[in-house]
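One letter stands for each residue in the lines below.
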Amino acid sequence: MNVDKAKKRIAKQVKKGFHGYPLVSLEYFGKEPGSATEVVISFTEEEGADPQKQTFVSGGDAREDETIQSTLLKIIERADAKTVIEIDGTSTLNES
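Residues numbered from 1 in each chain as written. Predicted model: local features only at pLDDT ≥ 70, side-chain atom pairs only at ≥ 80, totals over all residues. Heavy atoms only, no water.

Chemist: Tell me about the overall build of the protein, and name the residues and values.
Modeler: Across its full length, the protein carries two helices and four strands. Relative to its length of 96 residues, the protein is compact, with a C-alpha radius of gyration of 13 Å against a globular reference of 12 Å. A principal-axis box enclosing the C-alpha atoms of the protein has dimensions of 35 × 35 × 20 Å. Split into buried and exposed, the 96 residues of the protein put 34% on the buried side. Considering only residue pairs separated by 6 or more positions, the protein has 59% of its internal contacts joining residues 24 or more positions apart. Considering the protein, the positive charge centre built from 13 side chains and the negative charge centre built from 17 side chains are found 8 Å apart. (Helix = DSSP H or I, 4+ residues; strand = E, 2+ residues; numbered from the N terminus. Rg over C-alpha atoms; globule rule 2.2 N^0.38 Å. Buried < 20%, exposed > 50% of the residue type's maximum accessible area, 1.4 Å probe, protein only. Contact = heavy atoms within 4.5 Å. Lys, Arg positive; Asp, Glu negative; His and termini not counted. Charge placed at Lys NZ, Arg CZ, Asp CG, Glu CD.)

Chemist: Lay out the pattern of salt bridges in plain terms, naming residues and giving numbers.
Modeler: Tallied over the entire structure, the rule returns three salt bridges. Of the charged contacts in the structure, one is a salt bridge between Glu64 and Lys7, with a shortest N-O distance of 2.7 Å. Here the residue Glu64 occupies a position in the loop between strand 3 (52-57) and helix 2 (66-78), and Lys7 occupies one in helix 1 (residues 3-15), the gap between them amounting to 57 residues. (Salt bridge = Lys/Arg side-chain N within 4 Å of Asp/Glu carboxyl O.)

Chemist: Talk me through unusual backbone geometry; I want residue IDs and the actual numbers.
Modeler: Trans is the common state for peptide bonds, and a negative phi is the common state for residues other than glycine. A cis amide bond, omega 5 degrees, links Tyr21 with the succeeding residue Pro22. With respect to the secondary-structure elements, Pro22 resides in the loop between helix 1 and strand 1 (23-30). Non-glycine residue Asp80 carries a positive phi angle of around 50 degrees.

Chemist: With reference to specific residues and values, describe the packing of aromatic side chains.
Modeler: If you walk through the whole model with that rule in mind, you get one aromatic pair. Ring geometry for Phe18 and Tyr21: centres 5.8 Å apart, planes at 80 degrees, overall edge-to-face. Its relative accessible area of 55% is what places Phe18 among the exposed residues. (Phe/Tyr/Trp six-rings, centres within 6.5 Å; stacked < 30°, edge-to-face > 60°.)

Chemist: Pulling in residues and values, what's your account of the packing of helix 1 against helix 2?
Modeler: Contact geometry for helix 1 and helix 2: axes closest at 9 Å, N-to-C directions at 35 degrees. Classified by chirality, the crossing of helix 2 by helix 1 is left-handed. Note on element contacts: helix 2 touches helix 1 through Glu66, Gln69, Ser70, Leu72, Leu73, Ile76 and Glu77, opposite Val3, Ala6, Lys7, Arg9, Ile10 and Gln13. (Axes fitted to C-alpha atoms, helices over the stretch in contact; angles between N-to-C directions. Left-handed = near helix turned anticlockwise from the far one by under 90°.)

Chemist: How would you sum up the environment of Lys16? Please name residues and give values.
Modeler: With respect to the secondary-structure elements, Lys16 resides in the loop between helix 1 and strand 1. A relative accessible area of 46% means that Lys16 is categorised as partly exposed. Through-space distance from the C-alpha of Lys16 to that of Lys82 is 9.1 Å; in sequence the pair is 66 residues apart.

Chemist: Which residues make up helix 2, and what are the values?
Modeler: An ideal rise of 1.5 Å per residue puts 18 Å on 13 residues; helix 2 measures up with 18 Å between its terminal C-alpha atoms. Within helix 2, burial applies to Ile68, Gln69, Ser70, Leu72, Leu73 and Ile76. By the N-cap criterion, in which a side-chain oxygen at the helix start approaches the backbone nitrogen of a residue two or three places on, helix 2 is capped by Asp65, the distance to Thr67 being 3.0 Å. Of the residues one or two after helix 2, Asp80 is the one with positive phi, at around 50 degrees. (Expected span 1.5 Å × (residues − 1). Polar contact = N/O pair within 3.5 Å; in protein donor to acceptor, adjacent residues only side chain to side chain.)

So this is what it looks like as structure tokens:
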């Protein structure tokens with residue numbers, strides 16, 4: 001699947017708003033606000049449950065990585081997520 005198609009399908013899920021659980025959230029991280037080299041996807045089965053997290057790392061911008069975006073979409077679909085949340089912007093990675 002091409003990256004634009006995957007991004008549009010994810011955005012469509014995000015726009016639906018909160019409809020209960022299971023819930024999937026996406027958060028992008030990078031060294032600079034304009035470039036996201038990592039994305040963390042969190043899956044929460046039910047209210048109060050601990051989220052399961054998985055991190056994907058890209059050599060470039062993870063938001064433009066076809067493999068990562070297609071994988072995120074497959075995870076959302078297979079989890080039968082009722083709610084998808086995307087944290088706006090790019091959080092800065094703190095490297096020590």
